[in-house]
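Letter by letter, the chains look like this.
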Protein chains: 2
Amino acid sequence: MSNIIDLMKTGVRSPATEAWVLMRDIAIVNKARVFAIASEFELYPAQVHALYTLAPGEEMPMSSLAATLHCDNSNVTGIVDRLEARGLIERRSSPSDRRVKLIALTPEGEAMRERMRERLDTPPPEIESLSRADQRALRDLLRRARGDDD
Amino acid sequence: MSNIIDLMKTGVRSPATEAWVLMRDIAIVNKARVFAIASEFELYPAQVHALYTLAPGEEMPMSSLAATLHCDNSNVTGIVDRLEARGLIERRSSPSDRRVKLIALTPEGEAMRERMRERLDTPPPEIESLSRADQRALRDLLRRARGDDD
DNA sequence: TATTGTTATACTCTATAACTATA
DNA sequence: TATAGTTATAGAGTATAACAATA
């Protein structure tokens, strides 16, 4: 177990560090899910992220999509090309700036995104296994962590 | 199931689902960090993951590495090739099964992995901003979620 | 026969640079 | 001059299939 080796090297972890490492380990299931969903829908992980990033009924400039996906504008051209060829999204011209192209989900894209979202948002077994009281306590702690006003 | 869908569409989520979505949103910073670290060390994200997966002083079959990285054995050949060319890992023959090749970190690989690990394990601001009591409470909840006996 | 890792192939992802059309 | 998106290029990731060595 690499955790034990790391602990011996670094000594005892702070509660914040241990909480973060535990959280990250649990959240890893999300990566496995993106892979499974991508293969099921015959997409690539980057295409799943792009589809999930687009909000139903809203338009987003390609540059914003590039920022969210942590990649260059030039990559987004290809990703959008393939999603558009599948009929899942469409390009629209921006009325305010004709250099800009706005991306939006088609009805088919919205339907596929919704099916993906259901799966992605389902809590993993680790969270389901907690008592209802613990689930609420965890939610409240994470709301505070994100700075929400309870 | 349509109950859950209706709930989600109206914005009302179960505590478990909301906790999971919040946790995932916070854990997203890890992805940005992997990208930043990859570019800083002149590696690709998959190479960072491979390096981080290997525990110092331990050997791992290539097939195990493939399973952890969620990719095919054939991909690991190339990833391992490039990390080996950089002197960060090495292939060893398994004494018990001569089909198997075991991967292990070199001293240089261990040093680089340790520098990466320090950065990856640093809690994000969301967790640092919590009170010490909340940090401990979060840690304890996540330990229970993962099934650790406190 | 089945499995581990490699090779070959084809496609996607990714960054960089050069290009266009706008602003 | 600067910016949004495209195109071209090159290298890396990914799955599938075929293969050699080994079990």
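Before reading on, note that the structure itself is shown above.
Computed from a predicted model, the values in this text were never measured in an experiment.

## Looking at the nonpolar core
Formed by 26 residues in total, the largest nonpolar core has its most connected members in M23, L138 and L142 of chain A together with M23, L138 and L142 of chain B. At the level of elements, α2 (15-40) and α8 (132-145) of chain A together with α2 (15-27) and α9 (132-146) of chain B are the ones that each hand at least two residues to this core. Counting 25 residues, the second-largest nonpolar core is a separate cluster that includes V34, I37, L43 and I79 of chain B.

## A few points about the environment of E84 of chain A
All names here are of chain A. With respect to the secondary-structure elements, E84 resides in helix α5 (residues 73-85). When the C-alpha atoms of E84 and T106 are compared, they prove to be 9.1 Å apart, with 22 residues separating the residues in sequence. Beyond its immediate sequence surroundings of up to four residues, E84 is in contact with I89, E90 and R91.

## Here's the deal with the protein's contact with DNA strand D
Taken together, 22 residues sit near DNA strand D, with S63, T77 and R99 of chain A together with S74 and R82 of chain B positioned nearest. Within 4 Å of the protein, the contacting atoms of DNA strand D are drawn from sugar and phosphate to the extent of 66%. A distance of 2.8 Å separates a base oxygen of DNA strand D from a polar side-chain atom of R99 of chain A. Between DNA strand D and S74 of chain B, the relevant distance is 2.8 Å, taken from a base oxygen to a side-chain nitrogen or oxygen of the residue. Looking at the surface near DNA strand D, the elements with two or more residues in it are α4 (62-68) and α5 of chain A together with α4 (45-53) and α6 (73-85) of chain B. No other element matches the 4 residues that α6 of chain B contributes to the surface near DNA strand D. Looking at side-chain class alone, the surface near DNA strand D contains 6 nonpolar, 8 polar and 8 charged residues.

## Things to note about the protein's contact with DNA strand C
Of all residues adjacent to DNA strand C, which total 22 residues, the nearest are S74 and R82 of chain A together with M62, S63 and T77 of chain B. Between DNA strand C and the protein, one listed contact pairs a phosphate oxygen with a backbone N or O atom of S63 of chain B at 2.8 Å. R91 of chain B has a polar side-chain atom sitting 3.0 Å from a phosphate oxygen of DNA strand C. Breaking the surface near DNA strand C down by element, the ones donating at least two residues are α3 (45-53) and α5 of chain A together with α5 (62-68) and α6 of chain B. Among the elements that line the surface near DNA strand C, the one with the most residues is α5 of chain A, at 4 residues.

Rules used throughout
Residues numbered from 1 in each chain as written. Chains lettered and ligands numbered in written order. Predicted model: local features only at pLDDT ≥ 70, side-chain atom pairs only at ≥ 80, totals over all residues. Heavy atoms only, no water. Core = buried A, V, L, I, M, F, W, Y, C linked by side-chain atoms within 4.5 Å. Buried < 20%, exposed > 50% of the residue type's maximum accessible area, 1.4 Å probe, protein only. Helix = DSSP H or I, 4+ residues; strand = E, 2+ residues; numbered from the N terminus. Contact = heavy atoms within 4.5 Å. Near = heavy atom within 4 Å. Polar contact = N/O pair within 3.5 Å; in protein donor to acceptor, adjacent residues only side chain to side chain. Nonpolar A, V, L, I, M, F, W, Y, C, P; charged D, E, K, R; others polar.

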